[in-house]
Each structure stands twice: as structure tokens, then as C-alpha cells.
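Below, each chain spelled out in residue letters.
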Amino acid sequence: MEIKQYVLAVFSPTGGTLKVARAICKGTGLAGTEVDLCNEPEPREIGADTLLIAAMPVYENRIREVALRRLSRLQGKNGPAVAVVVYGNRDYGDAMLELSDTLQESGYTVGAAGAFVAEHSIIRSVAAGRPDAVDLKQAEEFGAQAAAKIKAQDALQNVAVPGDPDYKNKKRGTGVKPLTDENCISCGICAQECPVKAIPLEQPNTTTDACIGCMRCISVCPEHARKIPAPIEKKLTAYLQEKAAKVRRAETIL
Ligand SMILES: Cc1cc2nc3c(=O)[nH]c(=O)nc-3n(C[C@H](O)[C@H](O)[C@H](O)COP(=O)(O)O)c2cc1C
């Protein structure tokens, strides 16, 4: 099938997913544009001559609902898509299946899928420095392979991806809500950057229940005044030191 360009639809609150996704895009050898799903995108149609690359971080084995809802505003017209999940070296659970299902429901055929590792956005010492040079090379190679495969096929089929088909009946995690300490200068950067507007502009030292626990406020705070509660950090560090100890590399399905 003919592909003229790509559109990258990416939700990347702390930037790890974006690094992987851009390497994949580069590998396709196509020209393209980006849609930042940390903001609500305008509804639009993506033509069948365009490769949609959808890249999402994994949260508690799933993808956050808001990211999937925003993605589905880019409606496919039976064109090809690549599903990419990025996780913090523990596991990606049902996330790839959930993303692939959403893409198919939104009018795409998922011709390739991949899972890649980036630094753990809650406990940054886990998978620190990822994606590294090996990850980025693998991501670029995957982009090249996915584009070549899709171009070579006239009747593209959805790839089968791992995950429990019953994931919809499982309860989604809610994440950890960051707290603000006395170093907060009320500059409002976190409030402006929050993908779900869970921090009131007039009171940026608070966080509402709209928080999805994405850690963006922590990563953008110039005063390092936002943190997850210390007991949770301690518990999670111990858990991840055990569960994410083995270095995991790209898993790709073509
Ligand atoms: C609330 C939350 C839940 C997470 N759950 C998982 C998980 O289930 N498995 C995993 O390996 N990493 C998990 N991570 C780590 C992220 O998937 C990983 O750091 C990802 O690269 C973050 O993407 P970003 O840098 O684009 O924001 C989680 C991170 C957050 C904030």
C-alpha cells in the first residue's frame, strides 16, 4: 500500500515515550507531523495514505483512558497504524492490546506493534538513562521494518498482540498524586503543563482528583517542590528494584 507520510500521535508527560517514538518515526524514512496528546487535539481524519504511529506510556499495565480518548479523535480511514507502548522496564501488561484495540476501533489496521523501555517516570533510578543508544537503534530499525512491511502489503492485516482480552473488566489503577512542599513559589508552570488540568492555576500547591499520576508536574517544577509521598516512594522503590531488575529490551511484532 502507498504511504505518503506519517502522523505521530504521542502522549508523553515526562518525555521518555517521545524519545522512542521519534526514533521510530526517523526509521520510517518518511516525512511527518506530530500531535501532542498531552493537549486535547482537534478532531480530524487521517487519510489511508498516512501511517499513524501511536505511542503511549504504560501505567499500571494499561493506558490512561484520557490518552486513548484523545487518540480516538484522530479517526482513521482504513489506513495503517503502528502501536507503540513505552514502559519502565517492569512490564507492559495489557497496554499493547488496549492500544491496538483502540486503534482498530478508530478506523486503522494495526500493521506493527512494539514495546520499548524508558526511564521509570515515578522512580527515576529504575531504567535510568533509558532509552539508551541500543533502545534508540532498535526503535529506528523497527520504524524501518514497519514502514517496509506496510508498503509491501496490499491487504494489510492486524497483527496479534499480547494481553488479556478481558482487560476491560479489570479495574484501572489510579496512580500516585504528587504533593507540593514549602519550596513551591506558585509560579504556575505545573498547572500550565498538567495534561489534565488537575492543578488549579490560582492554587498550584494543590492537586485535584483529576490527577492521573503522570509525574509531569514533578518533572517540570523548577524548584523541585513536587514529590510523591515519601512512604510510597520507599515502597515502590523496593518493589521495582526487585520486579524491574532484569534489563528488558524491545519487543516488536511485525
Ligand atoms: C502512574 C504510572 C504507572 C506506571 N506503571 C508502569 C507499569 O505498569 N510498568 C512499567 O514497566 N512502567 C510503569 N510506569 C513507568 C512508565 O511507563 C515509563 O516511565 C514511561 O516511559 C513514562 O512515559 P513518559 O516519559 O513519556 O511520560 C508507570 C509510570 C507511571 C507514572
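Above: the structure in question.
Given the structure is predicted, the values throughout are model-derived calculations rather than measurements.

**Concerning helix H1 (residues 16–28)**
Taking 1.5 Å per residue, 13 residues should reach 18 Å; H1 reaches 19 Å between its end C-alpha atoms and fits that length. The element H1 is largely enclosed, with a buried count of eleven among its 13 residues. Turning to H1, the residues buried within the fold contact strand S1 (5–10), strand S2 (32–36), strand S4 (50–57), strand S6 (79–87), strand S7 (108–117) and helix H4 (133–152). Positive phi shows up at Gly29, right after H1, with a value of about 75°.

**Remarks on the sheet that holds strand S10 (residues 251–253)**
Read across the sheet, six strands follow the order S2-S1-S4-S6-S7-S10 without closing on themselves; strand pairing throughout is mixed. The open sheet is flanked by S2 and S10, the only strands paired with a single partner. The mean angle between the axes of side-by-side strands here comes to 15°, regardless of whether they run parallel or antiparallel. Packing of H1 onto the sheet brings it into contact with S1, S2, S4, S6 and S7, and relative to S4 it is tilted by some 155°.

**What about the site of the ligand?**
Near the ligand, the surroundings consist of 28 residues, among which Gly16, Thr17, Pro57, Gly88 and Ala118 are the closest. Sorting the residues of the shell around the ligand by element identifies H1 and S6 as the ones contributing at least two each. Broken down by element, the residue count for the shell around the ligand peaks at three residues, all from H1. Grouping the amino acids of the shell around the ligand by side-chain chemistry returns eleven nonpolar, 13 polar and four charged. Residue contributions to the shell around the ligand reach at least three from each of two domains, namely domain 1 (5–166 + 247–253) and domain 2 (179–227).

The rules behind these values
- Residues numbered from 1 in each chain as written.
- Predicted model: local features only at pLDDT ≥ 70, side-chain atom pairs only at ≥ 80, totals over all residues.
- Helix = DSSP H or I, 4+ residues; strand = E, 2+ residues; numbered from the N terminus.
- Expected span 1.5 Å × (residues − 1).
- Buried ≥ 20, exposed ≤ 12 C-beta atoms within 10 Å, placed from the backbone.
- Contact = placed C-beta atoms within 7 Å.
- Pairing = 2+ DSSP bridges.
- Axes fitted to C-alpha atoms, helices over the stretch in contact; angles between N-to-C directions.
- Near = placed C-beta within 6 Å.
- Nonpolar A, V, L, I, M, F, W, Y, C, P; charged D, E, K, R; others polar.
- Domains from an automatic or database assignment.

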